[in-house]
Amino acid sequence: MSVEWIDAALRGEKRAIARLVSLFEDRRVDRASERRRVIEALDAHPEVRAAAIVGITGTPGAGKSTLTSEIVRHTRRLEPELRVAVVAIDPSSHVSGGALLGDRTRMRLPPGDVNVYFRSQASDTALGGLSPHTFQVCRLLHRLFDVVFVETVGIGQNEIDVRHLADRVYLVMQPLGGDEVQFLKAGIMEVPDEIVLNKCDEAEAALRSYRALKAALSLARPFDGDSIPIHRVSARTGMNVELLTERILERARLDRQSSLHAREVHHFARWVEDEWGRVGLRALESFGGAEAVMREAGDFDAAQAFFDRKVRAAIAASTAS
Ligand SMILES: Nc1nc2c(ncn2[C@@H]2O[C@H](COP(=O)(O)OP(=O)(O)O)[C@@H](O)[C@H]2O)c(=O)[nH]1
Ligand SMILES: [Mg+2]
């Protein structure tokens, strides 16, 4: 990947960004060294950015896509100099692409705007929704943009995974979805930094839901439940969406420049677990843990191939003796 592509991507050129994104979505381990060169070139570039990563999660139908596109629209108006990317994990693009189109149409982003980039990724149901490429793509977009929104599919494990991806997590709920109790049981209430109660155009249901939510929060989080903001908005009428956007941007300002290192350690361990299961996790531990292996390998990009070799060598050694 030449310097010109990297320059172009930093200028916001869609074709260059798309090309880099496909490199980061490529699961083949042998492309890791190319990824590493891109990361190094970006980190040495005077124009490199360091985006805040904003997680938008919640059950399908809560209005995440509609809301995210409204938030992006407000962001463009409130802070036009900010460069914004959206990564939407698509629940079922392996089917006919119908859901993908649905998401696209709800995600009404200004076309031809160099400061906005949209990417949808197919979810991997085996992993519970967050695409395995999501973290990789975020490593790239983090360096090209100022704010990266990640919309998850929202089916359980997802909400918990997004905690290890985003600087801040917003849980989107809808009135009378019955989610309060479900989320309470699944431990999801413990995840978000802030909650967004969408569809508050349905006033009566919204009020009942707001109270249920408050109660669920204080049960789930006896120590900090009261301090978790609950934003009552309507993506449809626009009610309070500008206020919410201001809040998100204010928090994002604090999160920009934060390093992805700790998250790389987590996602490397996740990769080991996905590829090798418990055997892999035990081996990882015997090698000194994810961070030590990453350090020994050189970096995140080198760590997977390095681990692979190390495990195979350990097996070979024990069969030889
Ligand atoms: N009444 C109402 N409907 C909404 C609102 N926001 C989204 N919707 C609708 O809820 C449905 C699901 O929205 P979508 O954004 O695709 O939800 P997602 O699955 O969470 O991304 C769509 O039919 C939207 O038009 C809202 O604020 N009020
Ligand atoms: Mg959606």
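Residues numbered from 1 in each chain as written. Chains lettered and ligands numbered in written order. Predicted model: local features only at pLDDT ≥ 70, side-chain atom pairs only at ≥ 80, totals over all residues. Heavy atoms only, no water.

Peer 1: I'm lost on the packing of aromatic side chains in this one. Help?
Peer 2: What characterises a pair of aromatic rings is the spacing of the ring centres plus the angle enclosed by the ring planes. Under the defined criterion, the tally for this structure stands at seven aromatic pairs. Seen in terms of ring centroids, Phe135 and Phe300 are 5.5 Å apart; in terms of plane orientation they differ by 80 degrees. Their pairing is edge-to-face. Taken as a pair, Phe135 in helix 6 (residues 132-144) and Phe300 in helix 13 (residues 300-320) lie far apart in primary sequence, 165 residues in all. A single burial state applies to Phe135 and to Phe300, both of which are buried. Seen from their ring centres, Phe268 and Phe307 are 6.2 Å apart, and the 85 degrees between their planes marks the pair as edge-to-face. (Phe/Tyr/Trp six-rings, centres within 6.5 Å; stacked < 30°, edge-to-face > 60°. Helix = DSSP H or I, 4+ residues; strand = E, 2+ residues; numbered from the N terminus. Buried < 20%, exposed > 50% of the residue type's maximum accessible area, 1.4 Å probe, protein only.)

Peer 1: For this particular structure, what's the right way to read the nonpolar core?
Peer 2: Across soluble globular proteins, nonpolar side chains show a tendency to be buried alongside one another. By size, the foremost hydrophobic cluster in this structure holds 54 residues, and its most contacted members are Leu141, Leu144, Phe145, Val148, Phe268 and Phe307. Taken together, domain 1 (49-255) and domain 2 (261-320) each give at least three residues to this core, which thus spans both. Apart from residues no more than four positions distant in its own chain, Phe268 is found in contact with Leu284, Ala290, Val293, Met294, Phe300, Ala303, Gln304 and Phe307. Counting 25 residues, the second-largest nonpolar core is a separate cluster that includes Leu67, Val86, Ala235 and Leu249. (Core = buried A, V, L, I, M, F, W, Y, C linked by side-chain atoms within 4.5 Å. Domains from an automatic or database assignment. Contact = heavy atoms within 4.5 Å.)

Peer 1: Hey, could you run me through the domain arrangement of the chain in this one?
Peer 2: One widely used convention gives an interface's size as the accessible area the parts lose upon coming together. Partitioning the chain into structural domains gives domain 1 (49-255) and domain 2 (261-320). Listed by partner, the interface residues are eleven residues for domain 1 and eight residues for domain 2. Both sides of the domain 1 and domain 2 interface together cover about 920 Å² of buried area, and 46% of this is carbon and sulfur. Inspection of the region where domain 1 meets domain 2 yields four salt bridges. For Asp301, the salt bridge identified is with Arg139, shortest N-O distance 2.9 Å. Taken together, domain 1 and domain 2 are joined by seven residue pairs in polar contact (both at pLDDT 80 or more). Of all the elements in the fold, those that place two or more residues in the side of domain 1 that touches domain 2 are helix 6 and helix 7 (157-162). (Buried area = accessible area lost by both parts, 1.4 Å probe. Salt bridge = Lys/Arg side-chain N within 4 Å of Asp/Glu carboxyl O. Polar contact = N/O pair within 3.5 Å; in protein donor to acceptor, adjacent residues only side chain to side chain.)

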